[in-house]
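Descriptive structure summary
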Amino acid sequence: MADSEMKRGLAQVMYRFGPKSLFDYGRRGLSMKVSRWETDKVSSLDANYVAEQIATHASSFRNDDEDPWVDLTVEDVDFRRPNRVVGSLYPLTMYCQNRSCHRVVSKKEPSHFVYTNGECPECGGELRQLAFVLVHDCGNMMSINPQPCSNPDHGYDHIYLNKQNINDPLSWYFYCGECGDFCGNMSKRCTKCHKERVYFRPIASNSVYYSQGDVLVNLPIDQRYSDDIEYGESWARILMAAHLGDLDDVVEEGGKTYEELGRMTTDERDAKRREKQIEDLKEKVGAEQVEKMIESGVDLGDVFDVAEDTIKGSTRGEVVEENRERVELPSQRGGDSDVDQAYSTLSHELFTYLRSTQGYEGNLDATDGMERQPTPLSLDGLLEQEDFLESNPEAEVYPEKLQKVNIASAWVVDNLPLLNYTFGFTRDRPERSRTDLQPFPHPRGEDSTPVYVDQTPSEAIVLQVDRSAIIEWLDGKGSLRGVERPDTDDESDLKEWFLENVDTNELRDHYSPIEDDLTREVYTLLHSMSHALMRTASGQCGLDSNSISEYVMPSIPAIFLYASSTEHFSLGGMHTLFKTRIHPWVDETIADVQQCVYDPVCEHEDGACHACLHMSEVACESANGNLDRRYLVGDDRGRIPAFWEAEYV
């Protein structure tokens, strides 16, 4: 078959046309296997965090202790963006459509079919691909090929397909037309792991290929400083201090950005920087002149402006030390060996929240490559616009409506950068614990593990939940026994309480149960709120319910509802909802969440099911786990207080 092209969106390619997947080539009426991707290297992303997320995902698969997944780090990963998909004919077994013939032609390579011209060598009828393949949970995929006749004089020359019961492919088998010898059926033992006999799957079946990946908010770190930032605890404590308001004078009055505050000033860094400065100076004034300056004992500190670095380094060290004395994370108290993971997760959560609600705190005009920074508009800021209130007088009730569901602050965010990534695939069954995760082959044959990414802007509504209301609800539920209450009139004390009591390590793998009671209570409450609001948002903003996704931040606590469109432009639906539809959105959500068609069974069992709180897997961040409608409206037995004003009916 000659080369031919078809156009597909990048989002569709990422999900449906991954390496080693199957797809229908409708124009030709054929099925094909993706043989390779042509890609470009990507560097402008938070590689450390994405690599950690992939390692977390990989840990839930059966082969998590095998290469390349065991001890996966950012050094092992190569991020790439696909720009062209190349496929080849698959499966490689065809049979004649003529019912009186059914002659079989099976080849080892797609090019071997060229000489058949698509015609049966027996009767000249049209050849058709066998529309089934064999897949195994080890990741193997096999074409269903006949075996040769036991008579060496016959071999493969006279193989036919018996389809006597056309509606039962399980009964189909190959045979030799000369001697009637049995030449195989629709199953065979896995050729990769040799553990089991594998049975056929239709080519279009989902079980043939499960793409493994995720979508996350990926805010860009200012590349001018990223190499100098000491990530881990230092970076997390800078952001914790900013969240607690300890850096307001430095950030707001001093004009410093978080990246500037996070820069390290070790001797090694200073030495490298000084060496580069000397080289730059040599280019400007000449190497001979610089050597003379050094020999004559001129202090290069007087030549180069290093004062700025000294000031920033001193600030960073002080901030880190002060925050270390103020905030102790749950993973520190529990002796968790993976406290570094907690710093990483918290850094991503806080950085995303701060930038998405406050915007870029530095001078955006003076930066390069910062066009992906989110631009927020707060509800308070919106209500201060006289023109807006004149055209939307109903907006005056928005704060009151949001207060009914304990939302303290809200923003609509433009240009929210999303990262869609895929790192492997599985076959045969969806359960992670029962399948082997397969890496993609590297497009250039290198040893690193390729991860394919697509960065796209989106829009979001950010809802910061009333911290004091959560504390009162937890206390009323009896969940604070043995836990010190924060001062609910002190916002800084409340923020510190959530940092110290929500264990982000418990939320790394959303497929595992949350062991820590307080973390589970807070996350279930926020997750239930998120789903209740997502289910009714679709009717108000015009986006399909599967096109709205969530990002729950229990340590803030806050909820991101974002348009998960990957079409590289924003539809404006979230803006419409935020500016004109908050009042019916909240009212409908409260009414919708009070009852389920499966009550009282739903209420008395789990408090959430497909009819009331469940969303599709692509919209939910944790596979519909940790949901309970009763947390929002209470239960009829009085054991669970209502977090919202609505009472259970």
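The protein has the name DUF1998 domain-containing protein in an unreviewed UniProt entry, where Halorussus gelatinilyticus is given as its organism.

Turning to the side chain of Asp428, a few remarks are in order. Positionally, Asp428 belongs in the loop between strand S16 (407–426) and strand S17 (438–439). Its relative accessible area of 10% is what places Asp428 among the buried residues. Here the side chain of Asp428 touches Arg201 through a polar contact of 2.5 Å, side chain to side chain. If we ignore the near neighbours within four places in the chain, the residues touching Asp428 are Val135, His136, Asp137, Arg201, Ser207 and Tyr210.

Quick look at the packing of helix H17 (residues 517–541) against helix H18 (residues 573–580) now. Close contact between H17 and H18 brings their axes to 9 Å; oriented N to C, the two are set at 95 degrees. As judged from the angle between their axes, H17 and H18 are roughly perpendicular. Of the residues in H18, those in contact with Ala537, Gln540 and Cys541 of H17 are Gly573, Met574 and Leu577. When its residues are assigned to classes, the contact of H17 with H18 shows four nonpolar, two polar and no charged.

Before going further, it helps to spend a moment on the sheet that holds strand S11 (residues 182–185). In space, the three strands of this open sheet follow the order S9-S10-S11, with antiparallel pairing throughout. The two strands at the open ends of the sheet, each matched to only one other strand, are strand S9 (159–162) and S11. With direction set aside, neighbouring strand axes in the sheet form an average angle of 25 degrees. As judged from the two bridges shared by strand S10 (residues 173–176) and S11, these two strands associate in the antiparallel manner. Bridge pairing in S11 links Tyr175 to Phe182.

In this section: the pattern of salt bridges. The tally for this structure, following the rule as stated, stands at 28 salt bridges. Across the salt bridge formed by Glu472 and Arg485, the nearest N and O atoms sit 3.1 Å from each other. One end of the pair, Glu472, is in helix H15 (residues 467–477); the other, Arg485, is in the loop between H15 and helix H16 (491–501), with 13 residues separating them in the sequence. Arg485 gets classed as partly exposed once you look at its relative accessible area, which sits at 34%. Across the salt bridge formed by Arg520 and Asp517, the nearest N and O atoms sit 2.7 Å from each other. Here Asp517 and Arg520 lie together in helix H17, a separation of three residues that amounts to about one turn.

What follows concerns the sheet that holds strand S4 (residues 93–96). An order of S5-S4-S6 is seen for the three strands of this open sheet, with the pairing classed as antiparallel. Each having just a single partner strand, strand S5 (104–106) and strand S6 (127–129) make up the two edges of the open sheet. The mean inter-strand angle of the sheet, taken between neighbouring strand axes irrespective of direction, is 30 degrees. In this sheet, S6 lies alongside S4 in antiparallel orientation, the contact comprising three bridges.

For the rest of this paragraph, the subject is the pairing of S4. Of the two faces of S4, the one carrying Thr93 and Tyr95 and the one carrying Met94 and Cys96 are both buried. In terms of strand pairing, S4 meets S5 through three bridges, oriented antiparallel. If you follow Tyr95 over to S5, its bridge partner there is Val104.

Mapped onto the elements of the fold, Arg237 is located in helix H3 (residues 233–243). Residue Arg237 is classed as buried on the basis of its relative accessible area, which comes to 0%. A distance of 2.8 Å separates the side chain of Arg237 from the side chain of Glu233, its partner in a polar contact. With sequence-adjacent residues up to four places away left out, Arg237 is seen in contact with Val319, Val320, Asn323, Arg324, Val327, Gln332 and Tyr343.

Another point: the nonpolar core. Among the nonpolar cores identified, the biggest contains 66 residues, and Met529, Leu561, Phe643 and Trp644 are the most heavily contacted of them. Per-element accounting of this core gives the leading share, 11 residues, to H17. Sequence-distant contacts of Phe643, defined by excluding residues within four places in its chain, comprise Val405, Asn406, Val465, Ala469, Ile470, Trp473, Leu525, Met529, Tyr631 and Leu632.

Moving on: the packing of H17 against helix H19 (residues 582–593). Packed helices, taken two at a time, are described by the angle their axes make and the gap between the axes. Here H17 crosses H19 at 130 degrees, and the two axes come no closer than 9 Å. As summarised for this structure, H17 and H19 are arranged oblique, according to the angle between their axes. As for how H17 packs across H19, the hand of that crossing is right-handed. Touching Ala532, Leu533, Arg535, Thr536, Ala537 and Gln540 of H17 are Pro584, Trp585, Glu588, Thr589, Asp592 and Val593, all from H19. Here the contact of H17 with H19 is composed, by residue class, of six nonpolar, three polar and three charged.

About the thresholds
Residues numbered from 1 in each chain as written. Predicted model: local features only at pLDDT ≥ 70, side-chain atom pairs only at ≥ 80, totals over all residues. Heavy atoms only, no water. Helix = DSSP H or I, 4+ residues; strand = E, 2+ residues; numbered from the N terminus. Buried < 20%, exposed > 50% of the residue type's maximum accessible area, 1.4 Å probe, protein only. Polar contact = N/O pair within 3.5 Å; in protein donor to acceptor, adjacent residues only side chain to side chain. Contact = heavy atoms within 4.5 Å. Axes fitted to C-alpha atoms, helices over the stretch in contact; angles between N-to-C directions. Parallel < 35°, antiparallel > 145°, perpendicular 65-115°, else oblique. Nonpolar A, V, L, I, M, F, W, Y, C, P; charged D, E, K, R; others polar. Pairing = 2+ DSSP bridges. Salt bridge = Lys/Arg side-chain N within 4 Å of Asp/Glu carboxyl O. Core = buried A, V, L, I, M, F, W, Y, C linked by side-chain atoms within 4.5 Å. Left-handed = near helix turned anticlockwise from the far one by under 90°.

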